[in-house]
Protein chains: 2
Amino acid sequence: MLDMRLYLVTDRSHLAGRDFLTVLDAALRGGVTMIQLREKEASSREFFDLAIQVRELSHSHGVPLWINDRLDIALAVEADGLHIGQSDLPAAVARRLMPPAMKLGVSAQTVEQAVQAERDGADCLGVGAMFPTGTKSDAKPVSADELRRIKQTVRIPIVAIGGINASNLALPMRCGVDGVAVVSAIMSAPDPEAAARELREKIDAHLGK
Amino acid sequence: MLDMRLYLVTDRSHLAGRDFLTVLDAALRGGVTMIQLREKEASSREFFDLAIQVRELSHSHGVPLWINDRLDIALAVEADGLHIGQSDLPAAVARRLMPPAMKLGVSAQTVEQAVQAERDGADCLGVGAMFPTGTKSDAKPVSADELRRIKQTVRIPIVAIGGINASNLALPMRCGVDGVAVVSAIMSAPDPEAAARELREKIDAHLGK
(Lines give C-alpha, C1' and ligand atoms only; values in the text may rest on other atoms or scores of the structure.)
Protein backbone atom coordinates (compact mmCIF):
# COMPACT_ATOMS: atom_id res chain seq x y z
CA MET A 1 0.00 0.00 0.00
CA LEU A 2 1.11 3.52 -0.80
CA ASP A 3 1.65 5.72 2.24
CA MET A 4 1.50 9.13 0.59
CA ARG A 5 1.04 11.20 3.73
CA LEU A 6 4.29 13.17 3.49
CA TYR A 7 5.87 12.94 0.06
CA LEU A 8 9.23 14.66 -0.35
CA VAL A 9 10.18 15.70 -3.88
CA THR A 10 13.89 16.51 -3.97
CA ASP A 11 15.56 19.59 -5.40
CA ARG A 12 19.28 19.88 -4.84
CA SER A 13 19.23 23.61 -5.63
CA HIS A 14 17.79 24.13 -2.12
CA LEU A 15 20.77 22.61 -0.32
CA ALA A 16 22.72 25.86 0.24
CA GLY A 17 25.96 23.92 0.62
CA ARG A 18 24.59 21.13 2.82
CA ASP A 19 25.09 17.47 1.96
CA PHE A 20 22.14 16.03 0.04
CA LEU A 21 22.01 12.63 1.76
CA THR A 22 22.36 14.24 5.19
CA VAL A 23 19.33 16.44 4.51
CA LEU A 24 17.34 13.47 3.18
CA ASP A 25 18.29 11.37 6.19
CA ALA A 26 17.03 14.12 8.50
CA ALA A 27 13.80 14.38 6.51
CA LEU A 28 13.29 10.62 6.78
CA ARG A 29 13.87 10.70 10.53
CA GLY A 30 11.26 13.46 10.71
CA GLY A 31 8.62 11.25 9.12
CA VAL A 32 8.70 11.51 5.32
CA THR A 33 6.75 8.53 3.90
CA MET A 34 7.84 8.70 0.23
CA ILE A 35 10.79 10.22 -1.62
CA GLN A 36 10.76 11.25 -5.25
CA LEU A 37 14.19 11.96 -6.71
CA ARG A 38 13.85 14.79 -9.21
CA GLU A 39 16.91 15.73 -11.28
CA LYS A 40 16.46 18.00 -14.26
CA GLU A 41 20.11 18.96 -14.88
CA ALA A 42 22.10 15.83 -14.03
CA SER A 43 23.61 13.56 -16.65
CA SER A 44 22.08 10.09 -16.85
CA ARG A 45 25.10 8.66 -15.05
CA GLU A 46 24.89 11.22 -12.23
CA PHE A 47 21.15 10.58 -11.88
CA PHE A 48 21.76 6.82 -11.81
CA ASP A 49 24.57 7.03 -9.24
CA LEU A 50 22.54 9.38 -7.04
CA ALA A 51 19.43 7.20 -7.28
CA ILE A 52 21.39 4.15 -6.10
CA GLN A 53 22.51 6.09 -3.01
CA VAL A 54 19.09 7.60 -2.25
CA ARG A 55 17.40 4.23 -2.67
CA GLU A 56 19.75 2.66 -0.13
CA LEU A 57 19.07 5.49 2.31
CA SER A 58 15.30 5.58 1.90
CA HIS A 59 14.98 1.80 2.05
CA SER A 60 17.00 1.80 5.29
CA HIS A 61 14.08 3.87 6.68
CA GLY A 62 11.50 1.57 5.07
CA VAL A 63 10.49 4.37 2.70
CA PRO A 64 10.01 3.82 -1.05
CA LEU A 65 12.08 5.64 -3.66
CA TRP A 66 10.32 7.15 -6.65
CA ILE A 67 11.99 8.62 -9.71
CA ASN A 68 10.78 11.75 -11.49
CA ASP A 69 10.25 11.62 -15.27
CA ARG A 70 13.01 9.17 -16.21
CA LEU A 71 11.70 5.65 -16.75
CA ASP A 72 15.20 4.50 -17.73
CA ILE A 73 16.60 5.54 -14.35
CA ALA A 74 13.63 3.98 -12.53
CA LEU A 75 14.21 0.69 -14.36
CA ALA A 76 17.98 0.83 -13.88
CA VAL A 77 17.79 1.25 -10.08
CA GLU A 78 14.61 -0.82 -9.65
CA ALA A 79 12.82 2.11 -8.09
CA ASP A 80 9.53 1.60 -6.27
CA GLY A 81 7.75 4.08 -8.48
CA LEU A 82 7.96 6.51 -11.38
CA HIS A 83 6.28 9.91 -11.38
CA ILE A 84 5.59 11.57 -14.70
CA GLY A 85 4.23 14.97 -15.61
CA GLN A 86 2.28 16.11 -18.63
CA SER A 87 5.53 16.91 -20.52
CA ASP A 88 7.07 13.50 -19.84
CA LEU A 89 6.39 10.19 -21.58
CA PRO A 90 2.69 9.45 -22.10
CA ALA A 91 1.43 7.55 -19.03
CA ALA A 92 0.10 4.62 -21.06
CA VAL A 93 3.49 4.21 -22.78
CA ALA A 94 5.35 4.32 -19.45
CA ARG A 95 2.93 1.84 -17.86
CA ARG A 96 3.44 -0.63 -20.70
CA LEU A 97 7.23 -0.52 -20.24
CA MET A 98 7.20 -0.76 -16.43
CA PRO A 99 7.27 -3.96 -14.38
CA PRO A 100 3.78 -4.56 -12.89
CA ALA A 101 5.09 -4.08 -9.34
CA MET A 102 6.52 -0.63 -10.08
CA LYS A 103 4.03 2.10 -9.22
CA LEU A 104 3.13 4.94 -11.56
CA GLY A 105 2.24 8.45 -10.43
CA VAL A 106 0.99 11.14 -12.79
CA SER A 107 0.64 14.91 -12.45
CA ALA A 108 -2.85 16.25 -13.11
CA GLN A 109 -4.28 19.76 -13.09
CA THR A 110 -7.85 18.96 -14.13
CA VAL A 111 -10.54 16.32 -13.70
CA GLU A 112 -10.03 15.33 -17.34
CA GLN A 113 -6.30 14.76 -16.88
CA ALA A 114 -6.96 12.84 -13.66
CA VAL A 115 -9.50 10.54 -15.30
CA GLN A 116 -7.18 9.97 -18.26
CA ALA A 117 -4.24 9.17 -15.96
CA GLU A 118 -6.30 6.66 -13.99
CA ARG A 119 -7.42 5.05 -17.26
CA ASP A 120 -3.77 4.94 -18.45
CA GLY A 121 -2.77 2.93 -15.40
CA ALA A 122 -1.69 5.53 -12.83
CA ASP A 123 -1.55 4.25 -9.25
CA CYS A 124 -1.71 7.73 -7.76
CA LEU A 125 -1.89 11.39 -8.72
CA GLY A 126 -0.04 14.57 -7.85
CA VAL A 127 -2.39 17.53 -8.17
CA GLY A 128 -1.20 21.12 -8.21
CA ALA A 129 0.17 23.67 -8.02
CA MET A 130 -2.01 24.41 -4.97
CA PHE A 131 -0.14 27.60 -4.16
CA PRO A 132 2.42 29.78 -5.99
CA THR A 133 5.78 28.03 -5.95
CA GLY A 134 9.32 28.89 -6.95
CA THR A 135 10.15 25.24 -7.82
CA LYS A 136 7.95 25.25 -10.90
CA SER A 137 7.22 28.87 -11.64
CA ASP A 138 5.19 27.92 -14.73
CA ALA A 139 2.92 25.50 -12.84
CA LYS A 140 -0.75 26.33 -13.34
CA PRO A 141 -2.73 26.93 -10.15
CA VAL A 142 -5.40 24.39 -9.20
CA SER A 143 -8.35 25.60 -7.14
CA ALA A 144 -9.57 23.84 -4.01
CA ASP A 145 -12.84 23.17 -5.86
CA GLU A 146 -11.01 21.42 -8.71
CA LEU A 147 -8.95 19.40 -6.24
CA ARG A 148 -12.16 18.31 -4.48
CA ARG A 149 -13.77 17.34 -7.80
CA ILE A 150 -10.70 15.31 -8.76
CA LYS A 151 -10.73 13.52 -5.40
CA GLN A 152 -14.42 12.71 -5.81
CA THR A 153 -13.97 11.48 -9.40
CA VAL A 154 -11.00 9.08 -9.31
CA ARG A 155 -10.45 6.11 -7.03
CA ILE A 156 -6.63 6.23 -6.85
CA PRO A 157 -4.93 8.15 -4.02
CA ILE A 158 -4.03 11.80 -4.48
CA VAL A 159 -1.42 14.12 -3.08
CA ALA A 160 -1.59 17.87 -3.39
CA ILE A 161 1.61 19.63 -4.44
CA GLY A 162 2.90 23.12 -5.06
CA GLY A 163 3.89 25.68 -2.45
CA ILE A 164 2.52 23.62 0.44
CA ASN A 165 3.94 24.15 3.93
CA ALA A 166 2.90 23.67 7.55
CA SER A 167 0.88 26.92 7.51
CA ASN A 168 -1.28 26.18 4.50
CA LEU A 169 -1.65 22.40 4.32
CA ALA A 170 -5.06 22.54 5.99
CA LEU A 171 -6.60 23.72 2.70
CA PRO A 172 -5.66 20.69 0.56
CA MET A 173 -6.13 18.27 3.48
CA ARG A 174 -9.73 19.49 3.90
CA CYS A 175 -10.30 18.63 0.23
CA GLY A 176 -9.79 14.99 1.15
CA VAL A 177 -6.31 14.32 -0.25
CA ASP A 178 -4.27 11.36 0.96
CA GLY A 179 -1.22 13.46 1.70
CA VAL A 180 0.87 16.37 0.55
CA ALA A 181 4.03 16.58 -1.49
CA VAL A 182 6.58 19.22 -0.60
CA VAL A 183 9.91 20.43 -1.92
CA SER A 184 11.13 23.62 -0.26
CA ALA A 185 9.14 23.18 2.99
CA ILE A 186 11.66 20.45 3.84
CA MET A 187 14.61 20.93 1.46
CA SER A 188 15.04 24.62 2.39
CA ALA A 189 14.27 24.27 6.10
CA PRO A 190 17.15 25.08 8.46
CA ASP A 191 16.18 21.91 10.38
CA PRO A 192 14.75 19.44 7.83
CA GLU A 193 13.96 16.84 10.50
CA ALA A 194 11.92 19.28 12.60
CA ALA A 195 10.21 20.60 9.47
CA ALA A 196 9.25 17.10 8.37
CA ARG A 197 8.04 16.22 11.87
CA GLU A 198 5.81 19.28 12.08
CA LEU A 199 4.32 18.61 8.62
CA ARG A 200 3.77 14.95 9.42
CA GLU A 201 2.03 15.69 12.75
CA LYS A 202 -0.33 18.17 11.12
CA ILE A 203 -1.10 15.79 8.23
CA ASP A 204 -1.72 12.89 10.64
CA ALA A 205 -4.05 15.10 12.69
CA HIS A 206 -6.10 15.88 9.56
CA LEU A 207 -6.23 12.20 8.65
CA GLY A 208 -7.23 11.29 12.22
CA LYS A 209 -4.13 9.12 12.66
CA MET B 1 23.98 -6.33 -40.03
CA LEU B 2 24.94 -2.79 -39.06
CA ASP B 3 25.72 -0.52 -42.00
CA MET B 4 27.69 2.18 -40.23
CA ARG B 5 29.25 3.79 -43.29
CA LEU B 6 27.62 7.20 -42.92
CA TYR B 7 26.12 7.73 -39.49
CA LEU B 8 24.23 10.99 -38.97
CA VAL B 9 23.97 12.26 -35.40
CA THR B 10 21.31 14.96 -35.23
CA ASP B 11 21.59 18.40 -33.66
CA ARG B 12 18.63 20.69 -34.17
CA SER B 13 20.72 23.74 -33.23
CA HIS B 14 22.26 23.53 -36.73
CA LEU B 15 18.96 23.97 -38.56
CA ALA B 16 19.11 27.76 -38.97
CA GLY B 17 15.37 27.94 -39.41
CA ARG B 18 15.01 24.95 -41.74
CA ASP B 19 12.55 22.13 -41.02
CA PHE B 20 14.19 19.24 -39.17
CA LEU B 21 12.47 16.40 -41.03
CA THR B 22 13.11 18.06 -44.41
CA VAL B 23 16.84 18.22 -43.65
CA LEU B 24 16.85 14.59 -42.47
CA ASP B 25 14.95 13.47 -45.55
CA ALA B 26 17.54 15.18 -47.76
CA ALA B 27 20.38 13.54 -45.81
CA LEU B 28 18.73 10.14 -46.22
CA ARG B 29 18.34 10.66 -49.96
CA GLY B 30 22.05 11.54 -50.05
CA GLY B 31 23.02 8.19 -48.57
CA VAL B 32 23.04 8.31 -44.77
CA THR B 33 23.02 4.69 -43.50
CA MET B 34 22.15 5.29 -39.80
CA ILE B 35 20.49 8.10 -37.87
CA GLN B 36 21.02 8.82 -34.20
CA LEU B 37 18.51 11.22 -32.67
CA ARG B 38 20.33 13.31 -30.07
CA GLU B 39 18.26 15.68 -27.92
CA LYS B 40 19.84 17.21 -24.85
CA GLU B 41 17.32 19.99 -24.16
CA ALA B 42 13.94 18.51 -25.12
CA SER B 43 11.39 17.34 -22.57
CA SER B 44 10.77 13.60 -22.53
CA ARG B 45 7.47 14.12 -24.36
CA GLU B 46 9.10 16.25 -27.09
CA PHE B 47 11.87 13.68 -27.49
CA PHE B 48 9.30 10.87 -27.71
CA ASP B 49 7.11 12.70 -30.24
CA LEU B 50 10.12 13.62 -32.37
CA ALA B 51 11.53 10.09 -32.23
CA ILE B 52 8.23 8.67 -33.53
CA GLN B 53 8.40 11.02 -36.52
CA VAL B 54 12.08 10.44 -37.25
CA ARG B 55 11.65 6.68 -36.99
CA GLU B 56 8.86 6.75 -39.57
CA LEU B 57 11.02 8.84 -41.91
CA SER B 58 14.23 6.82 -41.53
CA HIS B 59 12.40 3.49 -41.84
CA SER B 60 10.76 4.73 -45.04
CA HIS B 61 14.35 4.92 -46.38
CA GLY B 62 15.25 1.53 -44.90
CA VAL B 63 17.59 3.23 -42.42
CA PRO B 64 17.63 2.35 -38.71
CA LEU B 65 16.86 4.90 -35.99
CA TRP B 66 19.13 5.08 -32.98
CA ILE B 67 18.50 7.11 -29.84
CA ASN B 68 21.20 9.00 -27.94
CA ASP B 69 21.52 8.46 -24.17
CA ARG B 70 17.85 7.87 -23.31
CA LEU B 71 17.02 4.19 -22.91
CA ASP B 72 13.44 5.11 -21.96
CA ILE B 73 12.88 6.89 -25.28
CA ALA B 74 14.54 4.02 -27.19
CA LEU B 75 12.22 1.52 -25.48
CA ALA B 76 9.15 3.72 -25.92
CA VAL B 77 9.60 4.11 -29.69
CA GLU B 78 11.11 0.65 -30.26
CA ALA B 79 14.25 2.20 -31.72
CA ASP B 80 16.73 0.03 -33.59
CA GLY B 81 19.56 1.06 -31.32
CA LEU B 82 20.68 3.08 -28.31
CA HIS B 83 23.95 4.99 -28.20
CA ILE B 84 25.40 5.86 -24.80
CA GLY B 85 28.38 7.92 -23.78
CA GLN B 86 30.60 7.69 -20.75
CA SER B 87 28.31 10.06 -18.78
CA ASP B 88 25.15 8.09 -19.58
CA LEU B 89 23.87 4.88 -17.98
CA PRO B 90 26.56 2.21 -17.53
CA ALA B 91 26.62 0.06 -20.68
CA ALA B 92 26.10 -3.20 -18.78
CA VAL B 93 23.01 -1.75 -17.06
CA ALA B 94 21.57 -0.51 -20.35
CA ARG B 95 22.24 -3.84 -22.07
CA ARG B 96 20.43 -5.75 -19.32
CA LEU B 97 17.33 -3.56 -19.74
CA MET B 98 17.26 -3.63 -23.55
CA PRO B 99 15.49 -6.18 -25.72
CA PRO B 100 18.09 -8.52 -27.28
CA ALA B 101 17.30 -7.27 -30.79
CA MET B 102 17.98 -3.62 -29.91
CA LYS B 103 21.58 -2.69 -30.69
CA LEU B 104 23.86 -0.90 -28.23
CA GLY B 105 26.54 1.59 -29.23
CA VAL B 106 29.03 3.06 -26.77
CA SER B 107 31.40 6.03 -26.97
CA ALA B 108 35.04 5.22 -26.31
CA GLN B 109 38.15 7.35 -26.20
CA THR B 110 40.70 4.69 -25.24
CA VAL B 111 41.50 1.02 -25.80
CA GLU B 112 40.50 0.34 -22.18
CA GLN B 113 37.05 1.92 -22.63
CA ALA B 114 36.60 0.09 -25.93
CA VAL B 115 37.45 -3.29 -24.41
CA GLN B 116 35.15 -2.61 -21.45
CA ALA B 117 32.30 -1.59 -23.75
CA GLU B 118 32.66 -4.74 -25.84
CA ARG B 119 32.67 -6.81 -22.66
CA ASP B 120 29.55 -4.95 -21.42
CA GLY B 121 27.65 -5.96 -24.54
CA ALA B 122 28.19 -3.10 -26.99
CA ASP B 123 27.41 -3.96 -30.61
CA CYS B 124 29.50 -1.07 -31.98
CA LEU B 125 31.64 1.84 -30.86
CA GLY B 126 31.84 5.54 -31.59
CA VAL B 127 35.42 6.72 -31.17
CA GLY B 128 36.38 10.39 -30.98
CA ALA B 129 36.66 13.26 -31.05
CA MET B 130 38.91 12.80 -34.08
CA PHE B 131 39.12 16.54 -34.76
CA PRO B 132 38.16 19.68 -32.81
CA THR B 133 34.37 20.06 -32.86
CA GLY B 134 31.86 22.66 -31.81
CA THR B 135 29.17 20.04 -31.10
CA LYS B 136 30.95 18.70 -28.03
CA SER B 137 33.54 21.30 -27.14
CA ASP B 138 34.68 19.26 -24.13
CA ALA B 139 35.28 16.07 -26.14
CA LYS B 140 38.80 14.75 -25.64
CA PRO B 141 40.83 14.31 -28.84
CA VAL B 142 41.68 10.76 -29.90
CA SER B 143 44.85 10.23 -31.95
CA ALA B 144 44.95 8.21 -35.15
CA ASP B 145 47.29 5.78 -33.36
CA GLU B 146 44.78 5.21 -30.57
CA LEU B 147 41.97 4.75 -33.10
CA ARG B 148 44.08 2.16 -34.94
CA ARG B 149 44.85 0.34 -31.68
CA ILE B 150 41.15 0.28 -30.76
CA LYS B 151 40.24 -1.09 -34.19
CA GLN B 152 42.89 -3.82 -33.84
CA THR B 153 41.79 -4.73 -30.32
CA VAL B 154 38.00 -5.11 -30.48
CA ARG B 155 35.92 -7.18 -32.87
CA ILE B 156 32.80 -4.99 -33.01
CA PRO B 157 32.46 -2.34 -35.74
CA ILE B 158 33.71 1.18 -35.10
CA VAL B 159 32.83 4.61 -36.40
CA ALA B 160 35.01 7.63 -35.93
CA ILE B 161 33.28 10.81 -34.77
CA GLY B 162 34.10 14.42 -33.99
CA GLY B 163 34.73 17.20 -36.50
CA ILE B 164 34.78 14.83 -39.48
CA ASN B 165 33.94 16.20 -42.93
CA ALA B 166 34.60 15.38 -46.58
CA SER B 167 38.05 17.00 -46.43
CA ASN B 168 39.43 15.06 -43.47
CA LEU B 169 37.65 11.69 -43.44
CA ALA B 170 40.61 9.99 -45.13
CA LEU B 171 42.49 10.01 -41.82
CA PRO B 172 40.01 7.91 -39.80
CA MET B 173 39.14 5.74 -42.82
CA ARG B 174 42.82 4.81 -43.22
CA CYS B 175 42.76 3.64 -39.60
CA GLY B 176 40.35 0.92 -40.68
CA VAL B 177 37.06 2.20 -39.25
CA ASP B 178 33.73 0.90 -40.57
CA GLY B 179 32.34 4.35 -41.18
CA VAL B 180 32.18 7.88 -39.90
CA ALA B 181 29.63 9.72 -37.81
CA VAL B 182 28.96 13.35 -38.58
CA VAL B 183 26.84 16.15 -37.16
CA SER B 184 27.57 19.54 -38.67
CA ALA B 185 29.04 18.20 -41.97
CA ILE B 186 25.46 17.34 -42.91
CA MET B 187 23.22 19.27 -40.49
CA SER B 188 24.90 22.61 -41.25
CA ALA B 189 25.40 22.03 -44.97
CA PRO B 190 23.46 24.39 -47.28
CA ASP B 191 22.57 21.29 -49.33
CA PRO B 192 22.37 18.34 -46.90
CA GLU B 193 21.63 15.84 -49.69
CA ALA B 194 24.70 16.85 -51.70
CA ALA B 195 26.82 16.89 -48.53
CA ALA B 196 25.69 13.39 -47.58
CA ARG B 197 26.27 12.12 -51.14
CA GLU B 198 29.82 13.48 -51.24
CA LEU B 199 30.63 11.96 -47.83
CA ARG B 200 29.12 8.62 -48.79
CA GLU B 201 31.01 8.43 -52.10
CA LYS B 202 34.33 9.14 -50.40
CA ILE B 203 33.62 6.62 -47.63
CA ASP B 204 32.59 3.96 -50.15
CA ALA B 205 35.77 4.60 -52.14
CA HIS B 206 37.87 4.01 -49.00
CA LEU B 207 35.96 0.82 -48.25
CA GLY B 208 36.35 -0.35 -51.85
CA LYS B 209 32.57 -0.45 -52.36
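The structure contained in this document is the topic of the report that follows. The model shown is predicted, which means the values in this text are computed figures rather than measured ones. (Residues numbered from 1 in each chain as written. Chains lettered and ligands numbered in written order. Predicted model: local features only at pLDDT ≥ 70, side-chain atom pairs only at ≥ 80, totals over all residues. Heavy atoms only, no water.)

### As for the pattern of salt bridges
Residues and elements named next belong to chain B.
Here is step 1 of the chain: One pass over the full model with this rule turns up 30 salt bridges over all chains.
Here is step 2 of the chain: Residue Asp178 is joined to Lys151 by a salt bridge in which the shortest nitrogen-to-oxygen separation is 2.8 Å. Taken together, the positions of Asp178 in the loop between helix 7 (170–174) and strand 8 (179–182) and Lys151 in helix 6 (residues 144–153) put the pair 27 residues apart, joining distant regions of the chain.
Here is step 3 of the chain: Lys151 gets classed as partly exposed once you look at its relative accessible area, which sits at 23%. (Salt bridge = Lys/Arg side-chain N within 4 Å of Asp/Glu carboxyl O. Helix = DSSP H or I, 4+ residues; strand = E, 2+ residues; numbered from the N terminus. Buried < 20%, exposed > 50% of the residue type's maximum accessible area, 1.4 Å probe, protein only.)

### Here's the deal with the interface of chain B and chain A
Here is step 1 of the chain: Of the residues lining the interface, 20 residues belong to chain B; the matching set on chain A comes to 20 residues.
Here is step 2 of the chain: When chain B packs against chain A, close to 1,700 Å² is buried across both sides, 59% of that on carbon and sulfur atoms.
Here is step 3 of the chain: The tally of links from chain B across to chain A stands at two salt bridges.
Here is step 4 of the chain: Two residues, A:Arg70 and B:Asp72, come together in a salt bridge whose shortest N-O distance is 3.8 Å.
Here is step 5 of the chain: Taken together, the connections running from chain B to chain A amount to eight residue pairs in polar contact (both at pLDDT 80 or more).
Here is step 6 of the chain: Looking at the side of chain B that touches chain A, the elements that each hand over two or more residues are helix 2 (44–60), helix 3 (71–76) and helix 4 (91–97) of chain B.
Here is step 7 of the chain: Examining the composition of the side of chain B that touches chain A, we find that five residues originate from one element, helix 3 of chain B, more than from any other.
Here is step 8 of the chain: Here the residues of the side of chain B that touches chain A sort into nine nonpolar, four polar and seven charged. (Contact = heavy atoms within 4.5 Å. Buried area = accessible area lost by both parts, 1.4 Å probe. Polar contact = N/O pair within 3.5 Å; in protein donor to acceptor, adjacent residues only side chain to side chain. Nonpolar A, V, L, I, M, F, W, Y, C, P; charged D, E, K, R; others polar.)

### Re the environment of A:Asp88
Here is step 1 of the chain: Counting through the fold element by element, A:Asp88 comes out in the loop between strand 4 (81–84) and helix 4 (91–97).
Here is step 2 of the chain: For the pair A:Asp88 and A:Asp72, spaced 16 residues apart in the sequence, the C-alpha separation amounts to 12 Å.
Here is step 3 of the chain: Setting aside its immediate chain neighbours within four residues, A:Asp88 contacts A:Lys40, A:Asp69, A:His83, B:Ser44 and B:Arg45.

### Describing the pairing of strand 1 (residues 6–9) of chain A
Residues and elements named next belong to chain A.
Here is step 1 of the chain: Residues Leu6 and Leu8 line one face of strand 1 and the alternating positions Tyr7 and Val9 line the opposite face, and both faces are buried.
Here is step 2 of the chain: Pairing analysis gives three bridges linking strand 1 to strand 8 (residues 179–182), with the strands arranged parallel. Note that in strand 8 the partner of Tyr7 across the bridge is Ala181.
Here is step 3 of the chain: Relative to strand 2 (residues 34–37), strand 1 is paired through three bridges, and the arrangement is parallel. Within strand 2, the position partnered with Tyr7 by the bridge is Met34. (Pairing = 2+ DSSP bridges.)

### Here we look at the environment of A:Ala27
All names here are of chain A.
Here is step 1 of the chain: Here Ala27 shows up in helix 1 (residues 20–30).
Here is step 2 of the chain: Residues Ala27 and Ala196, 169 residues apart in the sequence, show an inter-C-alpha distance of 5.6 Å.
Here is step 3 of the chain: If sequence neighbours within four positions are ignored, Ala27 has contacts with Leu8, Val32, Ile186, Pro192 and Ala196.

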